[in-house]
Amino acid sequence: WPKVASFLNALEPGALVADVGCGNGKYMAVNNKLFVSGSDRSPELLKLCASGGLEVFVADNMKLPYRSGCFDAAISIAVIHHMSSPERRVE
């Protein structure tokens, strides 16, 4: 998605970015001047990311282990529709 790449490329070098639901890590390496931490529920997808040298870990998107305000930016691309109900999507 070009808008995602544009967003990531517009961030300041050294920015800390969370990729929530990173999947195969498609957007994690768009801008190599960023520090991107990826999380996903799929260990198999995260193995692909890790084999490419990306920083990833298994996490539930509804219970992320981050302090509020610790990232400069966050992305969550094509993730919300995977949540089980409209109520959970709003949570």
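Residues numbered from 1 in each chain as written. Predicted model: local features only at pLDDT ≥ 70, side-chain atom pairs only at ≥ 80, totals over all residues. Heavy atoms only, no water.

Caption draft 1: Examining the sheet that holds strand 4 (residues 73–75) more closely. Taken together, four strands build an open sheet; the order of strands is 3-2-1-4 and the sheet is parallel. The sheet is open, and its two borders are formed by strand 3 (56–58) and strand 4, each paired with just one other strand. Taken pair by pair, the neighbouring strands of this sheet meet at an average axis angle of 20°, ignoring direction. Pairing analysis gives three bridges linking strand 2 (residues 35–40) to strand 3, with the strands arranged parallel. (Pairing = 2+ DSSP bridges. Helix = DSSP H or I, 4+ residues; strand = E, 2+ residues; numbered from the N terminus. Axes fitted to C-alpha atoms, helices over the stretch in contact; angles between N-to-C directions.)

Caption draft 2: Layout of the pattern of salt bridges. Evaluation of the coordinates by the stated rule reveals one salt bridge. A salt bridge links Lys47 to Glu44, with the nearest nitrogen and oxygen atoms 3.2 Å apart. Of this pair, Lys47 and Glu44 are both found in helix 2 (residues 43–51), three residues apart, which corresponds to roughly one turn of the helix. In this structure, Lys47 and Glu44 share a single accessibility class: exposed. (Salt bridge = Lys/Arg side-chain N within 4 Å of Asp/Glu carboxyl O. Buried < 20%, exposed > 50% of the residue type's maximum accessible area, 1.4 Å probe, protein only.)

Caption draft 3: Examining the confidence of the model for the protein more closely. Per-chain confidence: the protein averages 89 in pLDDT, with 86% of residues scoring 70 or above. Element-level mean pLDDT values for the protein span from 56 in helix 3 (residues 86–90) up to 97 in strand 1 (residues 16–20). (pLDDT = per-residue confidence, 0-100.)

Caption draft 4: Spatial organisation of the environment of Ala50. Along the chain, Ala50 falls in helix 2. Judged by relative accessible area, which is 46%, Ala50 ranks as partly exposed. Sequence separation between Ala50 and Gly25 is 25 residues; the distance between their C-alpha atoms is 9.0 Å.

Caption draft 5: A look at the pairing of strand 1. The buried fraction of strand 1 is high, at four of five residues. Here strand 1 pairs with strand 2 via five bridges, running parallel. Across the sheet, residue Asp19 finds its bridge partner in strand 2, namely Gly38. Examined bridge by bridge, strand 1 and strand 4 share three bridges and lie parallel to one another. From the neighbouring strand, Ala18 faces strand 4, where its bridge partner is Ala74.

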